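Structure at a glance
So the chains spell out like this:
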Amino acid sequence: MKILVLNSGSSSQKSRLYEIVGDQLSEHPPKPVWQASVDWTHHQGFAELEVKTAENAVFKEKIQADSYASATERVLQTLLEGETQVIKAAKEIDAVGHRVVHGGQEYNQATLVTEEVKAAIRRLASFAPIHNPANLEGIEATEKVFPEATQVAVFDTGFHSHIPLSAAVYPGPYVWYEKEGIRRYGFHGISHQYCSQRAAQLLGKDLNSLRLITCHLGNGCSLTAIKDGKSIDTTMGFTPLDGLMMGTRSGSLDPGILIYLLRKQGFDADKLDDILNHDSGLKGISGISGDMRAIQTAIGEGNTRAQLAFDMYIHRLRSHIGSMLAVLGGLDAIVFTGGIGENHSLTRSAACEAFAFLGLKLDETKNQASPKDQDIAAADSSIRVLVIQTQEDWAIAQECWHLLYKS
Ligand SMILES: Nc1ncnc2c1ncn2[C@@H]1O[C@H](COP(=O)(O)OP(=O)(O)O)[C@@H](O)[C@H]1O
Ligand SMILES: CC(=O)OP(=O)(O)O
Ligand SMILES: [Mg+2]
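Keep in mind the model is a prediction, meaning the values are calculated, not measured.

This part takes up the sheet that holds strand β11 (residues 230-234). Adjacent strands of a sheet form backbone hydrogen bonds with each other and so pair up, either parallel or antiparallel. One open sheet accounts for six strands, arranged β11-β10-β9-β12-β14-β13; its pairing is mixed. If you trace the sheet from one side to the other, it starts and ends with β11 and β13 (374-375), each paired once. With two bridges joining them, β13 and strand β14 (residues 384-387) adopt antiparallel strand pairing. Opposite Gln-374, over in β14, you have Val-387 as the bridge partner. Of the strands in this sheet, β9 (211-217), β10 (221-227), β12 (333-337), β13 and β14 are in contact with helix α6 (residues 189-203), which crosses β9 at around 130°. Most of the contacts of helix α13 (residues 345-353) go to β12, to which it runs at about 155°, and overall it touches β9, β12 and β14.

Right, dumping it as structure tokens:
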């Protein structure tokens, strides 16, 4: 069975083709037959496309970044032609799994894409304005190129759908929750769930016996408190703007600031949306970039605003970890994942340092050594610290496989 996966994040689009042979899924992610990534962060009208195959063919191209739909079509063409061709005809693709960021209250399981589902993704775009529209364009482009494939949506909100109401409801008027669906939905659920399962595997423990904090630190950043394999609290909320400070997003703010800007500065909703989603976080404070690598380079050059941006990022990360810790009432392991969580040893050590009083101790040599799916805590640490390469794409492929195999 050939399953294609499309994962549109805020700074990148990652696509993978998996070939699943036989009637059992392997425990570890298999090597994708083909993978493509589009990096949207280089602006000036262009995005960088890079395609690789299992046979080591590599193809790079600058593509027009004016629409997700046309970029996705270009990505999909490389499956069918050129040096990265891995299929002869479109009908060879059995299913396409799409990461859809916001599924609202209705969708918390992998779901076959119908016109009704597309309408819901469109409607929910007002809650996830930089994600759902891209997800929908990806679905429509794929339907065009692979009309015979089964399209499946897997939702980032799904894993958090059982968060207790005490953590999910916002303390405004009750009618917000009851009538408007204003509640904490939480995001990055595919990644948090995958990491919790992988953590249990790496620790050799039953997931149902573990208390975990998973830190998904990418361009978007969120934490989840996981008990008995379930998300019981998470830092992102009604939208992916809540919680931690991120690359270009603010995370939690005093809502009074928004009222002030609306009243005194004449801002409207679109302007606030743009500033909070695109010009805040590491980028807003440093004035340089939302990319942690650029922040580190600037700190190395003595840039004090880049230093402040990093210090704020760590301060907020620590305080939200503390909050998840309190919700769990104890901790067996903390997991780092996402572009920053997987690659930036300084973020990991700075975050962990605050919890030394609990007996949490890193093995700094392991932390520095580009760990992948490894425990980097010192042998005598009271809490394990894992670095896990998130495999959202493989998790989506598994969901598709279960859905198709069952039907
Ligand atoms: N080697 C690295 N060191 C520090 N940060 C990194 C490194 N590699 C990637 N990152 C960070 O990871 C972020 C992207 O994370 P990723 O999870 O891939 O993003 P997305 O949210 O688009 O899925 C980049 O903005 C960058 O800040
Ligand atoms: C929900 C979200 O913020 O996703 P990403 O980090 O991929 O932008
Ligand atoms: Mg991501």
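Of note in the backbone geometry, His-188 takes a positive phi value of approximately 55° without being a glycine. Here His-188 shows up in the loop between α5 (174-180) and α6. Phi angles above zero are rare outside glycine, and Asp-228 is one such case at about 55°. Mapped onto the elements of the fold, Asp-228 is located in the loop between β10 and β11. Taking relative accessible area as the criterion, Asp-228 reaches 41% and is therefore assigned partly exposed.

This part takes up the side chain of Arg-183. Structurally, the position occupied by Arg-183 is in the loop between α5 and α6. Of the side chains bearing the opposite charge, Asp-233 lies closest to the buried Arg-183, which forms no salt bridge; the N-O distance is 9.3 Å. Non-local contacts of Arg-183, meaning those with residues more than four positions away in its chain, are made with Gln-105, Ser-161, Ile-163, Ala-168, Tyr-170, Tyr-177, Gly-237 and Phe-238.

The next thing to look at is the environment of Asp-291. Take Asp-291: it is sitting in the loop between α9 (281-286) and α10 (292-300). C-alpha of Asp-291 to C-alpha of Pro-29: the two residues are 262 residues apart in sequence and 28 Å apart in space.

Here we come to the side chain of Ser-8. Its location among the elements puts Ser-8 in strand β1 (residues 2-8). If we skip the residues at most four places from it in the chain, Ser-8 touches Gln-13, Arg-99, His-131, Ala-134 and Asn-135.

Let's shift gears to the pattern of salt bridges. In total, this model carries 22 salt bridges according to the counting rule given. Put simply, Glu-140 and Arg-122 hold a salt bridge, and the shortest N to O gap is 3.4 Å. Placement of the pair is Glu-140 in helix α3 (residues 132-145) and Arg-122 in helix α2 (residues 115-123), with a sequence separation of 18 residues. Judged by its relative accessible area of 47%, Arg-122 is partly exposed. For Arg-184, the salt bridge is made with Asp-233, and the minimal N-O distance between the two is 3.9 Å.

Right, let's get into the nonpolar core. The tendency in soluble globular proteins is for nonpolar side chains to be buried as a group. Residues Ile-213, Leu-217, Tyr-313, Ile-321, Ile-334 and Val-385 are the most contacted members of the largest nonpolar core, which totals 45 residues. Sorting the residues of this core by element identifies β9, β10, α10, α11 (304-328), β12, α13 and β14 as the ones contributing at least two each. With 10 residues, α11 is the largest single contributor of residues to this core. If we skip the residues at most four places from it in the chain, Ile-334 touches Ile-213, Cys-215, Ile-321, Leu-360, Ile-383, Arg-384, Val-385 and Leu-386. Core analysis: the second largest hydrophobic core is formed by 28 residues, Ala-95, Ala-199, Ala-200 and Ala-397 among them.

So, about the site of ligand 2. Around ligand 2, the neighbouring residues are Gly-9, Ser-10, Arg-99, Val-101, His-131, Asp-156, Phe-187, His-188, Gly-220, Met-236, Pro-240 and Arg-249. In this structure, an oxygen atom belonging to ligand 2 sits 3.2 Å away from a main-chain N or O atom of Gly-220. Coverage of ligand 2 by the protein chains reaches 94% of its 270 Å² of free accessible surface. Per-class residue counts for the shell around ligand 2 are four nonpolar, five polar and three charged.

Moving on, we get to helix α7 (residues 255-264). The distance from a side-chain oxygen at the start of α7 to the backbone nitrogen of Gly-256 is 2.7 Å, and the residue carrying that oxygen is Asp-254. Backbone geometry just downstream of α7 places Gly-266 in the positive-phi region, at approximately 70°.

The next subject is the UniProt feature "binding site: substrate" (unreviewed entry) in the chain. Taken from the UniProt record, the annotation "binding site: substrate" (unreviewed entry) applies to Arg-99. When its relative accessible area of 6% is taken as the criterion, Arg-99 is described as buried. In contact with Arg-99, other than residues within four places in its own chain, are Leu-6, Asn-7, Ser-8, Gly-9, Asn-135, Val-154, Asp-156, His-188, Ile-190, Glu-392 and Ile-396.

This part is about the pairing of strand β4 (residues 46-53). Each regular strand shows side chains that alternate between the opposite faces of the sheet. Side chains Ala-47, Leu-49, Val-51 and Thr-53 project from β4 onto a buried face, and the interleaved Phe-46, Glu-48, Glu-50 and Lys-52 project onto a face without burial. Bridge analysis of strand β3 (residues 34-39) against β4 gives six bridges, and the strand direction is antiparallel. Within β4, the position partnered with Trp-34 by the bridge is Thr-53. Bridge count between β4 and strand β5 (residues 58-64): seven bridges; the pairing is antiparallel. When the bridges of β5 are listed, Leu-49 appears paired with Glu-61. The turn linking β4 back onto β5 is made up of four residues, and Asn-56 within it adopts a positive phi angle of 70°.

The rules behind the values
Residues numbered from 1 in each chain as written. Chains lettered and ligands numbered in written order. Predicted model: local features only at pLDDT ≥ 70, side-chain atom pairs only at ≥ 80, totals over all residues. Heavy atoms only, no water. Pairing = 2+ DSSP bridges. Helix = DSSP H or I, 4+ residues; strand = E, 2+ residues; numbered from the N terminus. Contact = heavy atoms within 4.5 Å. Axes fitted to C-alpha atoms, helices over the stretch in contact; angles between N-to-C directions. Buried < 20%, exposed > 50% of the residue type's maximum accessible area, 1.4 Å probe, protein only. Lys, Arg positive; Asp, Glu negative; His and termini not counted. Salt bridge = Lys/Arg side-chain N within 4 Å of Asp/Glu carboxyl O. Core = buried A, V, L, I, M, F, W, Y, C linked by side-chain atoms within 4.5 Å. Near = heavy atom within 4 Å. Polar contact = N/O pair within 3.5 Å; in protein donor to acceptor, adjacent residues only side chain to side chain. Areas by Shrake-Rupley, 256 points an atom, 1.4 Å probe, with all protein chains shown as cover. Nonpolar A, V, L, I, M, F, W, Y, C, P; charged D, E, K, R; others polar. UniProt positions renumbered as here; feature names shortened; annotations may be inferred.

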